[in-house]
Amino acid sequence: MSEAYGARQRWGRRAVNTLAGLALVYLFLPIVVIVVFSFNEPKGKYNIRWQNFTLENWANPFVEEELTSALWVSLRVAAISTICATILGTLIAIALSRYAFRGKSGMNLFLVLPLTAPEIVLGSSLATLFLNRGVGFGYVTVIIAHIMFQISFVAVTVRARIRGFDWTLEQAAMDLGATPARAFWKVTFPLILPGILAAALLSFALSVDDFIITFFNAGSLVTFPLQIFGASRVKIPPQINVLATMLLIVSIGLMVVGSVMGSRRRRRLEGVA
Amino acid sequence: MVALGLGAVAIAAEWVTGAASYAVGGVMFVVVVALIWTVIMGGPETRRALAPYGLLKPGVLWLCLFFLAPLWSMMVMSLSSKESRFDFFPSFTWEWSNYSTAFSEFGPQFARSFLYAGIATVLTIVIGFPLAYVIAFRGGKYRNLLLGLVVVPFFTSYLIRTLAWGNLLADEGPVIAVIDALRLEWFLESLQIMDNGKLLNTPAAVIGGLTYNFLPFMVLPIYVSLEKVDVGLVDAAMDLYSSASRAFRKIVVPLALPGVFAGSLLVFIPASGDFVNAQFLGNPNTTMIGNSIQDQFLRQLNYPVASAMSFVLMFIITIFVLLYTKFLGTEDLA
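Residues numbered from 1 in each chain as written. Chains lettered and ligands numbered in written order. Predicted model: local features only at pLDDT ≥ 70, side-chain atom pairs only at ≥ 80, totals over all residues.

### Description of the overall build of chain B
A tally of regular secondary structure across chain B gives 14 helices and two strands. Expressed as a percentage of the 334 residues in chain B, the buried residues total 43%. (Helix = DSSP H or I, 4+ residues; strand = E, 2+ residues; numbered from the N terminus. Buried ≥ 20, exposed ≤ 12 C-beta atoms within 10 Å, placed from the backbone.)

Here you go:
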């Protein structure tokens with residue numbers, strides 16, 4: 001290999017690394033803006049221009065009452081819908097990864113369809129159904145909508161996480177005298193639990209952040225994203241940035257805890273084996 | 001199973017009304033009781049055979065009721081009209097003109113949606129591929145950390161992220177300041193990225209927002225397919241005197257293609273139906289089909305035309321999805 005050739009290759013390597021670095025910078029640009037502007041003391045109604053550094057917003061993150069109550073609405077909706085969707089989705093995932101049955105490939109396609117349908121179609125069509133049936137919009141319709149898009153998501157995520165799971169373990173437990181229920185709860189469930197929790201966390205995040213589907217089915221209910229959308233036309237208080245930064249910190253924390261627990265678990269399991 | 005789903009859809013979508021819906025409900029009830037009966041009375045063999053259906057049932061019923069049935073009501077609504085001006089609610093009349101209205105009045109929005117979503121998809125490939133490539137092949141022990149970094153920005157609210165782009169691109173914002181300092185304005189104007197010294201409220205801003213918001217949907221699938229590539233293959237090619245770029249083109253790219261296809265679908269679909277980016281970063285001449293559907297549905301209360309537009313969007317995208325799954329299956333889409 002000639003000298004020039006090696007140099008060219010090195011430059012190519014560096015160029016690709018730079019491109020990847022720039023892509024990461026691009027990903028974080030708005031995040032930096034969000035965090036930085038949470039320390040801004042805006043003049044007027046919009047928090048767009050940098051004025052003065054202040055800790056005021058962080059000292060009083062909850063003074064914007066409408067914003068805070070909207071956040072609570074979102075968390076409540078997400079809690080209920082995530083629990084329901086996680087149960088329903090996990091059952092589907094277990095059925096799909098454990099059993100061979102007629103209509104399985106059709107089922108796989110059916111599960112992917114809600115994920116690949118544009119949100120605006122899911123939202124507007126569900127709202128049409130509710131209108132047709134004379135169902136009043138509010139908490140119930142929003143939770144129904146969220147469960148609908150979360151089920152597929154949970155099912156697909158859990159299915160991916162338990163792919164390759166050794167279902168004969170359960171058989172072994174039963175051979176040793178465990179009832180099927182006991183074998184499931186004592187052997188299978190603890191092993192697939194991390195996958196279920198990961199899916200639940202992600203679908204919780206999806207629910208809190210959902211805007212388009214909720215927009216069509218909320219009626220007068222105001223979730224966090226809806227509040228931001230409404231506020232964006234009137235005024236944007238810096239508390240929005242504070243709450244967004246808090247959500248970011250909590251999610252990063254959960255992710256770190258999850259990965260630490262995951263690696264500790266893996267080490268423990270390797271120790272056993 | 002299928003019968004239960006169909007029954008649920010039928011009742012929800014008002015195929016059957018009044019007495020008939022009780023009959024269908026009754027049949028569904030009998031089927032459920034029969035199913036439970038066979039499970040209780042049957043031996044372990046039957047139980048095992050029926051177990052998957054039992055597990056699938058609740059979730060699938062939910063999807064039938066709140067995903068399939070709504071699509072049906074949307075289709076019915078798209079062929080409805082108000083018979084008199086005093087009707088509050090449209091009724092089914094085979095009103096095909098809703099579709100011609102959708103195309104004649106909102107043709108530009110359709111065109112823009114697919115154009116913007118298409119450009120955004122290409123941009124996410126251009127930006128996402130090197131990133132996924134570096135994480136997969138040069139990430140080493142930092143792989144998971146880097147993947148985390150790709151996902152972390154998306155733990156903040158979608159709307160707030162998009163508003164933050166508004167801050168960045170504003171007339172006195174940092175991006176314009178950099179462009180001014182580098183004297184790049186003429187260049188960007190000639191590329192039609194800037195418009196009269198503005199970046200915010202231009203088509204470029206909308207496309208940029210779409211690209212940003214859906215970038216991880218491209219990076220992650222490409223990473224997943226690159227991760228499976230055996231680096232030994234590249235080494236083997238180089239040992240056999242292939243150039244680096246040739247090895248890349250002949251080995252890495254073909255193996256990454258499934259990820260690129262899956263990513264394209266996952267970016268293009270939400271981007272084409274989005275209206276947040278056009279709302280926050282665009283101007284009245286950059287509205288997309290999502291803006292029109294939203295406006296017709298929630299503000300003009302013109303449900304039939306809004307449904308017709310949704311239906312067309314759904315139809316076009318379903319064709320893409322079915323073509324994709326026919327050739328590549330459903331595995332990579334999650």
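### So, the overall build of chain A
Counting secondary structure elements, chain A contains 11 helices and zero strands. For chain A, the α and β elements follow one another from N to C terminus as α-α-α-α-α-α-α-α-α-α-α. For 273 residues, the compact-globule estimate of 2.2 N^0.38 gives 19 Å, and chain A exceeds it by more than 25% at 24 Å. With respect to the principal axes defined by its C-alpha atoms, chain A has extents near 75 × 70 × 35 Å. Counting only residues that meet the buried cut, chain A has 40% of its 273 residues in that class. Expressed as a percentage of contacts within chain A between residues at least 6 apart in sequence, the contacts between residues at least 24 apart total 78%. (Rg over C-alpha atoms; globule rule 2.2 N^0.38 Å. Contact = placed C-beta atoms within 7 Å.)

### A few points about the packing of helix α4 (residues 97–138) of chain B against helix α9 (residues 203–227) of chain B
Residue and element names in this part refer to chain B. Packing of α4 against α9 brings their axes to within 6 Å, and their N-to-C directions diverge by 40°. Between α4 and α9, the angle falls in the class oblique. Relative to α9, α4 is oriented so that their crossing is right-handed. (Axes fitted to C-alpha atoms, helices over the stretch in contact; angles between N-to-C directions. Parallel < 35°, antiparallel > 145°, perpendicular 65-115°, else oblique. Left-handed = near helix turned anticlockwise from the far one by under 90°.)

### Observations concerning helix α6 (residues 139–161) of chain A
Residue and element names in this part refer to chain A. Over its 23 residues, α6 extends 31 Å from the first C-alpha to the last, a length consistent with the 33 Å expected when each residue adds 1.5 Å. A bend of about 30° at Gln-150 is the largest found in α6. Counting buried residues in α6 gives 18 out of 23 residues, a clear majority hidden from the surface. (Expected span 1.5 Å × (residues − 1). Bend = angle between axes of the 7 residues up to and from the residue.)

### Things to note about the interface of chain B and chain A
Counting residues at the interface gives 68 residues for chain B, matched by 72 residues for chain A. Take the side of chain B that touches chain A: its biggest share by element is 16 residues, from helix α3 (residues 44–78) of chain B. Looking at side-chain class alone, the side of chain B that touches chain A contains 51 nonpolar, 14 polar and three charged residues. (Nonpolar A, V, L, I, M, F, W, Y, C, P; charged D, E, K, R; others polar.)

### Brief notes about the packing of α4(B) against helix α13 (residues 289–299) of chain B
All names here are of chain B. One can describe the packing of α4 onto α13 by two numbers: an axis separation of 7 Å at closest approach and a directional angle of 135°. Overall, the two elements α4 and α13 adopt an arrangement that is oblique. Across the interface between the two elements, Phe-106, Gln-109, Phe-110 and Ser-113 from α4 touch Ile-289, Asn-291 and Ser-292 from α13. The class makeup of the residues in the contact of α4 with α13 is three nonpolar, four polar and no charged.

### Here's the deal with the nonpolar core
Grouped together as the largest cluster of nonpolar side chains are 148 residues, with contacts concentrated most on Ile92(A), Met148(A), Ile151(A), Leu63(B), Ala132(B) and Met309(B). Broken down by element, this core gets its largest block of residues, 15 residues, from α3(B). Built from parts of two domains, this core gets at least three residues from each of domain 1 (2–78) and domain 2 (97–333) of chain B. If we skip the residues at most four places from it in the chain, Ala132(B) touches Val219(B), Ile222(B), Tyr223(B) and Leu226(B). (Core = buried A, V, L, I, M, F, W, Y, C linked by C-beta atoms within 7 Å. Domains from an automatic or database assignment.)

### Digging into the domain arrangement of chain B
Partitioning chain B into structural domains gives domain 1 (2–78) and domain 2 (97–333). Facing the four residues of domain 1 of chain B at the interface are seven residues of domain 2 of chain B.

### Quick look at the environment of Ala155(A)
With respect to the element layout, Ala155(A) can be found in helix α6. Considering only alpha carbons, one finds Ala155(A) and Thr18(A), 137 residues apart in sequence, at a separation of 37 Å. If we skip the residues at most four places from it in the chain, Ala155(A) touches Gly89(A), Ile92(A), Ala93(A), Leu111(A) and Gly59(B).

### Here's the deal with unusual backbone geometry
All names here are of chain B. A positive phi angle, near 55°, is found at Trp-94, a position not held by glycine. Tracing the chain through its elements places Trp-94 in the loop between β2 (91–92) and α4. Classification of Trp-94 as exposed rests on a count of 8 C-beta atoms within 10 Å. The phi angle at Gln-192 is positive, at roughly 60°, despite the residue not being glycine. Mapping Gln-192 onto the fold places it in the loop between α8 (185–190) and α9.

### Concerning the environment of Pro30(A)
Tracing the backbone shows Pro30(A) in helix α1 (residues 3–37). For Pro30(A), a count of 23 C-beta atoms within 10 Å gives the class buried. Aside from chain neighbours lying at most four places away, what touches Pro30(A) is Arg161(B), Ala164(B), Trp165(B) and Leu168(B).

### Comments concerning the environment of Thr202(B)
Residues and elements named next belong to chain B. Structurally, Thr-202 is set in the loop between α8 and α9. Judged by local crowding, Thr-202 falls into the buried class, with 21 C-beta atoms found within 10 Å. Through-space distance from the C-alpha of Thr-202 to that of Asn-285 is 8.7 Å; in sequence the pair is 83 residues apart. When near neighbours in sequence (up to four residues on either side) are disregarded, Thr-202 contacts Met-194 and Asp-195.

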